[in-house]
Amino acid sequence: MSGTTPRPRPAIESMTAYTPGEQPGPGERFIKLNTNENPYPPSPRVMEAIRALDGEALRRYPNPMADGFRAVAARVHGVSPDMILAGNGSDEILAMVMRAFVGPGDVLAYPHPTYSLYPVLAEMAEVKVVEVPWGPAWSLPAQALIDTGARAIFFANPNAPSGTLVGPDQVRALADRFRGVLLVDEAYVDFAESDCLALVKSCPNVVISRTFSKGYSLAGLRFGYAVAAPSIIEAMAKVKDSYNCDALSMTAATAALEDQAHARGGWQAVREERERLAAELGRRGFAVIPSQANFLLATVPGGDAAALYAKLKAHGILIRYFAKPGLDDKVRITIGTREQNDALLAAL
Ligand SMILES: Cc1ncc(COP(=O)(O)O)c(C=O)c1O
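Residues numbered from 1 in each chain as written. Predicted model: local features only at pLDDT ≥ 70, side-chain atom pairs only at ≥ 80, totals over all residues. Heavy atoms only, no water.

S.K.: Is there a simple way to explain the site of the ligand in this structure?
M.R.: In the neighbourhood of the ligand, the contacting residues comprise Gly89, Ser90, Asp91, Tyr115, Asp185, Ala187, Tyr188, Thr211, Ser213, Lys214 and Arg222. Backbone polar atom of Asp91 to an oxygen atom of the ligand: 3.0 Å apart, as the coordinates give it. In this structure, Thr211 approaches the ligand through a side-chain N or O atom, which is 2.5 Å from an oxygen atom. Its free accessible area being 400 Å², the ligand has 91% of it covered by the protein chains. Of the residues belonging to the shell around the ligand, the class tally is three nonpolar, four polar and four charged. (Near = heavy atom within 4 Å. Polar contact = N/O pair within 3.5 Å; in protein donor to acceptor, adjacent residues only side chain to side chain. Areas by Shrake-Rupley, 256 points an atom, 1.4 Å probe, with all protein chains shown as cover. Nonpolar A, V, L, I, M, F, W, Y, C, P; charged D, E, K, R; others polar.)

What follows is the structure, given as structure tokens:
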């Protein structure tokens, strides 16, 4: 080989990439309680819609704005289609908000600890990050977030990995006082008792992001969407890839969203198992944070969370361990089916 190996941009060379949770390889059998997937299958209508797809729909480029999906999402949420934008997973929605609203040298603020993709997106864009610790009992540190002078605040609600929820009134109070874009990442909201979607009708700076990965059992599909004022959606659409969502995922996501009855049944089952598992873990000496999501963050009795993670893995059960200050005595456990949760409890 001759010539020189090109160096990436300095910001990329120095950054650490996002670390996804472990995904077992083909043939490896684990009870997977580590990446917050839904334990129940997607709506049967999803597979029907995929099978019914004509080869012609794959030969052609897909609709660039996912208009069919937008119409259905608009109806389900009671907003206009120009307030919806589809993405390749909600991760892409977060990336679009960054690209459209936050530039090099600007500040992105978020309550910490939270979803570890936020700083990665910021580093890529040469955006400064200000991490604001959560208030007492995981309350929203609204004033401290505003005081950062951020162009954008990202805020997972329910939060990951705590599973805690902030009510819409407090989010509205923050949105009203904040001059930048407030992204409310509602990846887990289907399992929660309240959501902030109504805010988009009266708060011109709020973006809600939603996903099919959790509540609709479609993490493998890669489909998410934003709901926001039309002017925000227009700016985000300018920075997206021309055909960011494929014909297959649009069709499947639309079918899933139309089958609200199926989805809601699964959300209720997850909530019931969440409460049972939290109580059972409490009985075994874990300190469990009350969760509004499809996972629990629990302090391990004795504090050796790394050892518990390793022992459960040896028993064929994957949970999530974060080797980070403030989290390294805890494990995050995704709510499984009743049988999976029983297997976890038996192993403990
Ligand atoms: C808080 C939060 N937001 C967004 C996502 C990404 O979801 P998606 O699969 O839609 O990209 C996750 C995934 O785990 C998450 O935990």
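Back to the write-up after that little detour.
S.K.: Just checking my understanding: could you explain the sheet that holds strand 6 (residues 181-185) for this structure?
M.R.: Sheet strands pair via backbone hydrogen bonds, and the direction of the pair is either parallel or antiparallel. If you walk across this open sheet you meet the seven strands as 2-8-7-6-5-3-4, and the pairing is mixed. Two strands in the sheet have a free side with no partner beyond their single neighbour: strand 2 (84-87) and strand 4 (128-133). Averaged over all pairs of adjacent strands, the angle between strand axes in this sheet comes to 20°, irrespective of strand direction. Together, strand 2, strand 3 (107-112), strand 5 (152-156), strand 6, strand 7 (206-211) and strand 8 (224-228) form the strand contacts of helix 5 (residues 90-101), whose direction differs from that of strand 2 by roughly 115°. Strands in contact with helix 8 (residues 168-177) are strand 5, strand 6 and strand 7; relative to strand 6, the strand with the most contacts, it is inclined by about 160°. (Pairing = 2+ DSSP bridges. Helix = DSSP H or I, 4+ residues; strand = E, 2+ residues; numbered from the N terminus. Axes fitted to C-alpha atoms, helices over the stretch in contact; angles between N-to-C directions. Contact = heavy atoms within 4.5 Å.)

S.K.: Help me understand the sheet that holds strand 12 (residues 320-321), please; the structure alone is not making it clear to me.
M.R.: Across the sheet, four strands lie side by side as 9-10-13-12; this open sheet has antiparallel pairing. Each of the sheet's edge strands pairs with one partner strand only, and the pair in question is strand 9 (287-288) and strand 12. Relative to strand 10 (residues 295-299), strand 9 runs antiparallel, the two sharing two bridges. Bridge pairing in strand 10 links Ala287 to Thr299.

S.K.: What should I look at first to understand the state of the cysteines in this one?
M.R.: Two cysteines joined by a covalent bond between their sulfur atoms form a disulfide. In this structure the tally under the stated criterion is zero disulfides. Between Cys196, a free cysteine, and Cys203, which holds the nearest cysteine sulfur, the sulfur-to-sulfur gap is 9.2 Å. Judged by its relative accessible area of 1%, Cys196 is buried. By relative accessible area, which is 1% here, Cys203 ends up buried. (Disulfide = S-S within 2.5 Å. Buried < 20%, exposed > 50% of the residue type's maximum accessible area, 1.4 Å probe, protein only.)

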